[in-house]
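The lines below spell out each chain.
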Amino acid sequence: MKRVLIVGQKFSGLTDYLDSHGIDYVLMQDLTKTKYPNKSFRRRVLADFSSDETIFRTVDSINKPFDGVINVYENYVVPTAKIAERLGLPGLPLDTAEACTDKFLMRSLFAGASEEISPDFAIADNENAVRKFAINHNFPLIIKPANLSKSLLVYKNHTMDELLANFYRAQELAPKIYSKYAPCRRPKLLMEEFLVGSIHSVDAFVNADGEPQILENVVDYQTGYDIGCDDNFHYSRLLPSRLSLADQNALRHCATIGVKALGMKNSPAHVEIIMTDDGPRIVEIGARNGGYRERMHHLANGIDIIGAALDLTFGKQPIIRSTTNDSCAVLELFPKIPGKFVGLKNEVALRGLSSLNYLSIKAKPGEFRGKSSDGYKMCAVIILHNSDAKKFQEDLDFVNQNVEVTTF
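As the structure is a prediction and not an experimental result, all values here were calculated from the model.

Peer 1: Any details on the nonpolar core? Residues and values, ideally.
Peer 2: One finds Leu331, Leu333, Leu350, Ile382 and Val399 to be the most contacted residues of the largest nonpolar core, which totals 39 residues. For this core, the secondary-structure elements that each account for two or more residues are strand 11 (219-223), strand 12 (234-239), helix 9 (293-301), strand 15 (327-333), strand 16 (339-344), strand 19 (380-386) and helix 12 (389-402). Within the second largest apolar cluster, 30 residues are counted, among which are Ala97, Leu251, Cys254 and Ala287.

Peer 1: An account of helix 8 (residues 245-262) is needed here, citing residue identities and associated values.
Peer 2: Under the 1.5 Å per step criterion, the end-to-end length of helix 8 is 26 Å for 18 residues, consistent within 8% with the ideal 26 Å. What helix 8 keeps buried is the set Gln248, Leu251, Arg252, Cys254, Ala255, Ile257, Gly258, Val259 and Leu262.

Peer 1: Account for the layout of surface pockets, with residues named and values stated.
Peer 2: Of the voids in this model, the second largest pocket is the one considered here, and its volume is about 460 Å³. The wall of the second largest pocket is formed by 23 residues, among which Asn75, Val78, Pro79, Cys184 and Arg185 lie closest to the centre. Listed by contribution, the elements that provide at least two residues to the lining of the second largest pocket are helix 2 (52-61) and helix 3 (77-87). With 3 residues, helix 3 is the single largest residue contributor to the lining of the second largest pocket. Of the residues that constitute the lining of the second largest pocket, the class distribution is 9 nonpolar, 5 polar and 9 charged.

Peer 1: Tell me what's going on with the sheet that holds strand 8 (residues 189-193), and back it up with residues and numbers.
Peer 2: Hydrogen bonds between backbone groups are what pair the strands of a sheet, and the pairing can be parallel or antiparallel. One open sheet accounts for 4 strands, arranged 5-8-6-7; its pairing is antiparallel. Looking at the sheet topology across the chains shown, the edges are occupied by strand 5 (121-123) and strand 7 (155-157). Direction aside, the axes of adjacent strands within the sheet are offset by 25° on average. Helix 5 (residues 103-110) rests against strand 5, strand 6 (141-145) and strand 8 of the sheet, and its axis sits at about 140° to strand 5. Relative to strand 8, helix 6 (residues 127-135) is tilted by about 10°, and along the sheet it contacts strand 5, strand 6 and strand 8.

Basis of the calculations
- Residues numbered from 1 in each chain as written.
- Predicted model: local features only at pLDDT ≥ 70, side-chain atom pairs only at ≥ 80, totals over all residues.
- Heavy atoms only, no water.
- Core = buried A, V, L, I, M, F, W, Y, C linked by side-chain atoms within 4.5 Å.
- Buried < 20%, exposed > 50% of the residue type's maximum accessible area, 1.4 Å probe, protein only.
- Helix = DSSP H or I, 4+ residues; strand = E, 2+ residues; numbered from the N terminus.
- Expected span 1.5 Å × (residues − 1).
- 1 Å grid on protein atoms, 1.4 Å probe; cavity = no way out; pocket = protein on both sides within 12 Å on 5 of 7 lines; lining within 4 Å.
- Points joined across faces, edges and corners; volume = space filled by probe spheres on them.
- Nonpolar A, V, L, I, M, F, W, Y, C, P; charged D, E, K, R; others polar.
- Pairing = 2+ DSSP bridges.
- Axes fitted to C-alpha atoms, helices over the stretch in contact; angles between N-to-C directions.
- Contact = heavy atoms within 4.5 Å.

Here you go:
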């Protein structure tokens, strides 16, 4: 029986998969993310992730051997690489893991790639640096954390006054947001050019030789800005892509260059790309499966995303083939007006849609919810799937036009 060490946090899709495939596992759970630290579980060991010393102390205390080490959240990419190296198991090179979780390091490596694949950027550590970058670039400009995920503290700025106001706002909010979502990281703000174009992603699986197998199935995005919100969250993810085949091939080519520029090995890669008039430009590459991709690619394409990631963990080359090309969408709902959560407008009708595959309401009644840029998470997640493309589009149009978060 294979045995896996899950680093940091788990999600039920992974552990259910391991159980159903007869793979044993131990969860090395982050103490700061543990609701019941005093309870004892057979497959759980609590760990302090604040230092290498405390991480390795826990690793050394766990019964071995393991056949692989895996993580599913951004915060644990670097610890996973360190643990894999300590145990002599396939994993990301450590400098690559650092670059995959720090957009400044990532963009610096992209700058040395064989083709232009990334926007211009600079560290925003003081007002003079912000002003200098703005003087030499056209608005709008983006302020964002270099080492956070989920669009937290990301601001689009159209004027110098707005840019400086959001720079100081981000600095003010950063300690609280990092403490909650990335307690072992230091806040680092980045400025970059705003790229005009449609947003997409592709997922890849990079073998021990650094060769990526890029999925054929490109995912299209809509952001909060695209649906009229002053916020940069990912509103929808959609399969199949509506791009031309030539543009999809260009995205996959760009993803290959980016993965190789980072020196990725033994890892999934989630590549977010903007298709501009000058060609594709990479927003970021995560060393993990993309969010919701296990469900999306399984429903739409019949692809075993978790199995492919585990193959890399075990040092094997995954075999990936699409067997279907159904329609699937994942939508994250935020309030248009920040306030106390009431519910979802037209929830009853939503639950009756034939394409509804999954609905999870994350917010509790009366709980305050706001923008992702101010550190808030989504209020609800909706997944639609249908092999009937026409019916799928009808149901997706209904959600887009009639379902929204209500607040007071």
